[in-house]
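Here are the chains, one letter per residue:
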2 protein chains.
Amino acid sequence: MFRGLSAFPLTPMYQDKVDEPRFVNLIKRLVVAQVDSITVLGSTGAYAYLDRDERVEVVRTAVEHAQGVPVFAGVGALRTSHVLRNAQDAEEAGAKALLLAPVSYQPLTEGDVIGLFEAVAGATDLPIIIYDNPGTTRFRFTYDLYARLARIPNVVAIKIPGALESGDQARNRLAEIRSSVGAEISIGISGDASAAEMLSAGCDTWYSVIGGTFPNAAQSLLRAAQIGGSGQAPSSETLLPVWDLFQKHGSFRAIAALAEESGLAQRSSLPLPIQGLNDEERVAVREVLEQLHLS
Amino acid sequence: MFRGLSAFPLTPMYQDKVDEPRFVNLIKRLVVAQVDSITVLGSTGAYAYLDRDERVEVVRTAVEHAQGVPVFAGVGALRTSHVLRNAQDAEEAGAKALLLAPVSYQPLTEGDVIGLFEAVAGATDLPIIIYDNPGTTRFRFTYDLYARLARIPNVVAIKIPGALESGDQARNRLAEIRSSVGAEISIGISGDASAAEMLSAGCDTWYSVIGGTFPNAAQSLLRAAQIGGSGQAPSSETLLPVWDLFQKHGSFRAIAALAEESGLAQRSSLPLPIQGLNDEERVAVREVLEQLHLS
């Protein structure tokens, strides 16, 4: 289950509520594109901004329209008891795995993070994906911590951040992580611009931002990376204009603007205080859409 | 109202609930010590971890026991609509001012932060204190942004982070901020170890962690700094062992351990996943308490 393309859809908002028709439409597109799994409530899915009821509804809606494609759900929160509640909610709503990031306000220690993962593992039967995203959680994992968490029985996968490495660097990084966590743990890459290299190097999964909104573009890249084999990642270059937008605005704001300008979300689809791109910035977004014909 | 000692009490927890009797006891100690204001739900008060009902109850309880000492309330949250709700709740519960930090998961832009402050200012009649705490929010203010926010009518004060400057450095920093925000804005220092220098340099307020739990110690330091005048801050050295604990463990974990070892909070008073200090680390905490006779 933890392989191939895991698509991270936006949770489009409209006037401070989840825009359910557009969310359903995103899920249906993922089903048609035959993604391997759908991860709702990732960072792209704005989990950190949604309240409990909204999160439950998002998971339920996704499962209802996923036609059997496994749905994974982000359950991170600042307080352990809230995470446990989210995990239980997600399980009841039909999620097949939990994505867990060590969200922080006060910086966390390794001991805090181990305690968090043990608490969640003890409260659910679902498999858990370690979510390493220092750009949003500000927590820095060590390979040693990966190894310790990987020994918790339900921890089955890890989502590592992109690092724009190529060739040998990518393979060496993957080998180091693999030797830390053991062969049983699925290793997935996020950071779409790094995906081709890391998939070519042998990552099991691509936890993909672009895949949540333009799944066909992601599928093409994935197949090229898998066929291309070591060091070859030709089609990532096709998407360079997208990676440039991600680099410039952050993938969250950029993918929302791409979705909005494609009619897949309404303007101002991000939860405030996060403002979408301004009119001037959207000119470049529309140019990318015209150039690439993303779908 | 925005001057002198603003004491930041812990919100002690017990088994994942607010330990109300101990919270009330902390408030009563602050009243007896004649602090100038009480800021509940600061970072020290764990606001980021508490749900809406808990926050309301904390503000209400503090106001009920404050005997007229003005109570300020932290209202920060990741989503603007939640901040607005918290602001309205705090106003209804009797808070006299709002403390607002630009809490982030996705990094915020200056435009986002301006939008947030304008939204809150438009929704409340209460004065607003800008809360600059990059260690927890990961948002970095510029003096130019200070200036822009200071022009919003209800914005009346700013809480700046400590920087361990001394003498001329401290005075220069304060002068730069003062010239950015104008003479009408109250400038307060946080970062207890920096307080004596910055108060001597002319800061209006000390937003104090230690003052929330050991208000007499804070009052002594404040008076010494005010009397000492420029560059003189004798009594901060007395508290060096406390600042060392703050430096080593972060002020949040350190003040909780000091409170727990003094009997002012029960063991494990912080919201999980944040674990308190371990037994070995507590030996040093007890030594500090024995040495300094904090009250």
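Heads up: the structure comes first, above all this text.
What counts, and where the lines are drawn
- Residues numbered from 1 in each chain as written.
- Chains lettered and ligands numbered in written order.
- Predicted model: local features only at pLDDT ≥ 70, side-chain atom pairs only at ≥ 80, totals over all residues.
- Heavy atoms only, no water.
- Least-squares fit on C-alpha atoms with pLDDT ≥ 70 in both.
- Contact = heavy atoms within 4.5 Å.
- Buried < 20%, exposed > 50% of the residue type's maximum accessible area, 1.4 Å probe, protein only.
- Helix = DSSP H or I, 4+ residues; strand = E, 2+ residues; numbered from the N terminus.
- Pairing = 2+ DSSP bridges.
- Right-handed = clockwise from strand over helix to strand, strands pointing away.
- Buried area = accessible area lost by both parts, 1.4 Å probe.
- Salt bridge = Lys/Arg side-chain N within 4 Å of Asp/Glu carboxyl O.
- Polar contact = N/O pair within 3.5 Å; in protein donor to acceptor, adjacent residues only side chain to side chain.
- Nonpolar A, V, L, I, M, F, W, Y, C, P; charged D, E, K, R; others polar.
- Axes fitted to C-alpha atoms, helices over the stretch in contact; angles between N-to-C directions.
- Parallel < 35°, antiparallel > 145°, perpendicular 65-115°, else oblique.
- Left-handed = near helix turned anticlockwise from the far one by under 90°.

Asker: Got a minute to help me understand the relation of the copies chain B and chain A in this structure?
Answerer: One copy of the chain maps onto the second through a rotation around an axis plus a translation along that axis. The operation relating chain B to chain A is a screw motion whose rotation component is 180°, with 0.0 Å of axial translation and a residual RMSD of 0.0 Å. This pairing of chains is accounted for by a two-fold axis. Counting the interface residues of chain B, we find that 100% of their copies in chain A are interface residues as well, pointing to one common contact surface.

Asker: How should I be thinking about the pairing of strand β10 (residues 205-208) of chain B in this particular structure?
Answerer: Where a strand is regular, its side chains alternate between the two sheet faces. Residue and element names in this part refer to chain B. The alternating pattern of β10 places Thr 205 and Tyr 207 on one face and Trp 206 and Ser 208 on the opposite face, and all of these are buried. Examined bridge by bridge, strand β1 (residues 4-7) and β10 share four bridges and lie parallel to one another. The residue of β10 that forms the bridge with Ser 6 is Tyr 207. In this structure, strand β9 (residues 186-189) lies alongside β10, joined through two bridges in parallel fashion. In the sheet register, Ile 189 faces β10, and the bridge partner there is Trp 206. What joins β9 to β10 is helix α8 (residues 192-201), and the crossover it makes is right-handed.

Asker: Is there a simple way to think about the interface of chain B and chain A in this case?
Answerer: How big an interface is tends to be expressed through the accessible area that disappears when the partners come together. Contacts between the two partners involve 38 residues from chain B and, on the opposite side, 38 residues from chain A. Around 3300 Å² of area is buried between chain B and chain A when both sides are counted, 48% of it from carbon and sulfur atoms. Ranking the residues of chain B by area buried against chain A places Arg79(B), Tyr105(B) and Arg138(B) at the top, with a combined share of 27%. Counting the contacts that link chain B with chain A gives six salt bridges. With its nearest N and O atoms 2.7 Å apart, the salt bridge here joins Arg253(B) to Asp112(A). Linking chain B with chain A are 29 residue pairs in polar contact (both at pLDDT 80 or more), by the criterion used here. Residue assignment for the side of chain B that touches chain A shows that the elements contributing at least two residues are α3 (80-92), α4 (110-123), α5 (134-137) and α12 (251-261) of chain B. At four residues, the largest contribution of residues to the side of chain B that touches chain A is made by α4(B). Within the side of chain B that touches chain A, the residues separate by chemical class into 17 nonpolar, 14 polar and seven charged.

Asker: Even after reading the chapter, I still don't get the packing of helix α11 (residues 240-249) of chain A against helix α12 (residues 251-261) of chain A, so can you show me in this structure?
Answerer: When two helices pack together, their arrangement is given by the angle between the helix axes and by the axis-to-axis distance. All names here are of chain A. The interhelical angle for the contact between α11 and α12, taken along N-to-C directions, is 130°, at an axis separation of 7 Å. Judged on the interaxial angle alone, α12 and α11 are oblique. Like other packed secondary-structure pairs, α11 and α12 cross with a definite hand, here right-handed. Packed against α11, whose contacting residues are Val 242, Leu 245, Phe 246 and His 249, the element α12 presents Ser 251, Arg 253, Ala 254, Ile 255 and Leu 258 at the interface. Here the contact of α11 with α12 is composed, by residue class, of six nonpolar, two polar and one charged.

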